[in-house]
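Examining the three-dimensional arrangement
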Amino acid sequence: MKKVKLGSTDLDVSAVALGCMRLGGLDQNQTKEFVETALENGINYIDHADIYGGGYCEELFGKAIDLKSDNRERFFIQSKCGIVPGVMYDLSEEYILKSVDGILGRLNTEYLDCLILHRPDALVEPEEVAQAFDKLEESGKVKYFGVSNMDSMQIELLKKYVKQPIVTNQLQLSITNSNMISSGMEVNMCTEGAVNRDGSILNYCRLKDITIQTWSPFQYGMFEGSFLGNDRFPELNKIINELAEKYQVSNTAIATAWILRHPANMQMVAGTTNKDRLIQIAKATEIQLSRNEWYRLYLSAGHILP
């Protein structure tokens, strides 16, 4: 399993993280077997959120995996907070602290390796976030901190008050949904891909030593479905299948390898609960696509080279 540096820390973590959003579709025994499959394939970075299954995914994980024993050291566990589904985003000090206590209780563990702020809160008071982070760090409940779906200036605002390094930023990225890349390729053009929607977040994270964690790596549009095997993307799937045959892996592995080939050393969050698919995703870390292959996939998804 390829390793990537976690932000500005000295930690090397698995290039693939196990996303637990769909874990609720498994029972307790299946969850244990699935997590063991992840470990056997070098994936020990676990990604949760307090809203996944309304908290049930964390609870299921906590029951299936004994985190009160030495077993805890086998995992790097992160979770996210800040979303009140269908109501609001809340990054107040009170909400963050209450959320972390709930997360720890459901996971049945004493600490999180990393806490992620799940979405930007329009009413955020960064001083409160700083107070929450300080209390969580001092109490030993959280070791590291990150954000999700934030642009460069939102992170800068937090950093004005927060003393802890921001080590991660979770962002959507796939071959088809790659505006953070295309906006840098189509600079100063009147094309759709040139629109800078995120404050140059890709370059910002590289400059600030923030690890980008990519979510929905096989999705196109706004949760419209997977591009893999989809008739809407014939040229893309033709090339993916060609490369899958060359490297003797699945189409899932090629789509993963495309993300991991980028020199930003991103970490891909795999949201599958299919053991075979997870094994194929892990195999992608052994593949180094050539520059030509990476660009062929990029172009076949509808992007341009000006």
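Our structure's up above, just so we're on the same page.
This section reports on the structure supplied with the text. (Residues numbered from 1 in each chain as written. Predicted model: local features only at pLDDT ≥ 70, side-chain atom pairs only at ≥ 80, totals over all residues. Heavy atoms only, no water.)

1. As for the pairing of strand β8 (residues 112-117)
Of all the six residues making up β8, six are buried; the element is thus mostly covered by neighbouring parts of the structure. Pairing of strand β5 (residues 76-81) with β8, which is carried by four bridges, proceeds in the parallel orientation. Looking at the pairing, Cys81 lines up with Leu117 of β8. For β8 and strand β9 (residues 142-148), the ladder comprises five bridges, and the chain directions are parallel. What sits directly across from Leu117, in β9, is Val147. For the segment spanning β8, helix α4 (residues 126-139) and β9, crossover handedness is right-handed. (Buried < 20%, exposed > 50% of the residue type's maximum accessible area, 1.4 Å probe, protein only. Helix = DSSP H or I, 4+ residues; strand = E, 2+ residues; numbered from the N terminus. Pairing = 2+ DSSP bridges. Right-handed = clockwise from strand over helix to strand, strands pointing away.)

2. A few points about the pattern of salt bridges
Throughout the structure, instances matching the rule amount to 15 salt bridges. Glu59 is the salt-bridge partner of Lys63, the closest N and O atoms lying 3.2 Å from each other. Placement of the pair is Lys63 and Glu59 together in helix α2 (residues 56-64), with a separation of four residues, close to one helical turn. What makes Glu59 partly exposed here is its relative accessible area of 31%. (Salt bridge = Lys/Arg side-chain N within 4 Å of Asp/Glu carboxyl O.)

3. So, the nonpolar core
Counting 98 residues, the largest nonpolar core has Phe61 and Leu115 as the members making the most contacts within it. Residue contributions to this core peak at seven residues, all from helix α9 (residues 251-260). What Phe61 contacts, discounting residues up to four positions off in sequence, is Leu23, Thr31, Val35, Ile46, His48, Leu67, Phe75, Ile77 and Leu107. (Core = buried A, V, L, I, M, F, W, Y, C linked by side-chain atoms within 4.5 Å. Contact = heavy atoms within 4.5 Å.)

4. Some details on α9
Because an α-helix packs 3.6 residues into every turn, residues spaced three or four apart end up facing the same way. Burial analysis of α9 places nine of its ten residues in the buried class, which makes it a mostly covered element. Of the positions making up α9, those classed as buried are Thr252, Ala253, Ile254, Ala255, Thr256, Ala257, Trp258, Ile259 and Leu260. Against α6 (179-185), β11 (211-215), α8 (234-247), β12 (267-270), α10 (275-283) and α11 (291-300) lie the buried residues of α9.

5. Remarks on unusual backbone geometry
Its identity is not glycine, yet Asn108 carries a phi of approximately 60°, on the positive side. One non-glycine residue, Phe223, lies in positive phi territory at about 60°. Among the structural elements, Phe223 can be located in the loop between β11 and α8. Take Phe223: its relative accessible area is 48%, and that puts it in the partly exposed class.

6. A word on the layout of surface pockets
By volume, the largest pocket amounts to about 670 Å³. Along the walls of the largest pocket sit 31 residues, with Met21, Arg22, Trp215, Ser216 and Gly271 positioned nearest its centre. Listed by contribution, the elements that provide at least two residues to the lining of the largest pocket are β12 and α10. Each residue belonging to the lining of the largest pocket can be placed in one class, and the counts come to 14 nonpolar, twelve polar and five charged. Counted as a void, the second largest pocket has a volume near 570 Å³. Looking at the second largest pocket, it is lined by 25 residues, and the ones nearest its centre are Ser178, Asn179, Met180, Arg197 and Asp198. Among the secondary structure elements, those contributing two or more residues to the lining of the second largest pocket are β10 (166-172) and α6. The dominant element in the lining of the second largest pocket, judged by the number of residues it contributes, is α6, at three residues. Residues that form the lining of the second largest pocket fall into these classes: eight nonpolar, eleven polar and six charged. (1 Å grid on protein atoms, 1.4 Å probe; cavity = no way out; pocket = protein on both sides within 12 Å on 5 of 7 lines; lining within 4 Å. Points joined across faces, edges and corners; volume = space filled by probe spheres on them. Nonpolar A, V, L, I, M, F, W, Y, C, P; charged D, E, K, R; others polar.)

7. As for the side chain of Asp47
Looking at the element boundaries, Asp47 is found in strand β4 (residues 45-47). Classification of Asp47 by relative accessible area gives buried; the value is 2%. A distance of 2.9 Å separates a polar atom in the side chain of Asp47 from a polar atom in the side chain of Lys80. In this structure Asp47 touches Leu18, Gly19, Cys20, Tyr52, Gln78, Lys80, Gln170 and Val269, once residues within four positions along its chain are discounted. (Polar contact = N/O pair within 3.5 Å; in protein donor to acceptor, adjacent residues only side chain to side chain.)

8. What about α4?
Helix length check: α4 (14 residues) gives 20 Å between terminal C-alpha atoms against 20 Å at 1.5 Å per residue, within 8%. Buried within α4 we find Pro126, Val129, Ala130, Ala132, Phe133 and Leu136. All buried residues of α4 project into a common sector of 165° when viewed along the axis, lining one side. Contact partners of the buried residues in α4: α3 (93-107), β8, β9, α5 (152-161) and β10. Once α4 finishes, Gly140 follows within two positions and takes phi at roughly 80°, a positive value. (Expected span 1.5 Å × (residues − 1). Arc of directions from axis to C-beta.)

9. Topic: the packing of aromatic side chains
In this structure the tally under the stated criterion is ten aromatic pairs. Residues Phe61 and Phe75 carry aromatic rings whose centres are separated by 5.9 Å and whose planes lie at 75° to one another, so their mutual orientation is edge-to-face. Here Phe61, found in helix α2, pairs with Phe75, found in the loop between α2 and β5; they are 14 residues apart in sequence, far enough to count as distant. Given the relative accessible area of 5%, Phe75 is considered buried. Ring geometry for Phe133 versus Phe145: centroids 4.1 Å apart, planes at 25°, classification stacked. (Phe/Tyr/Trp six-rings, centres within 6.5 Å; stacked < 30°, edge-to-face > 60°.)

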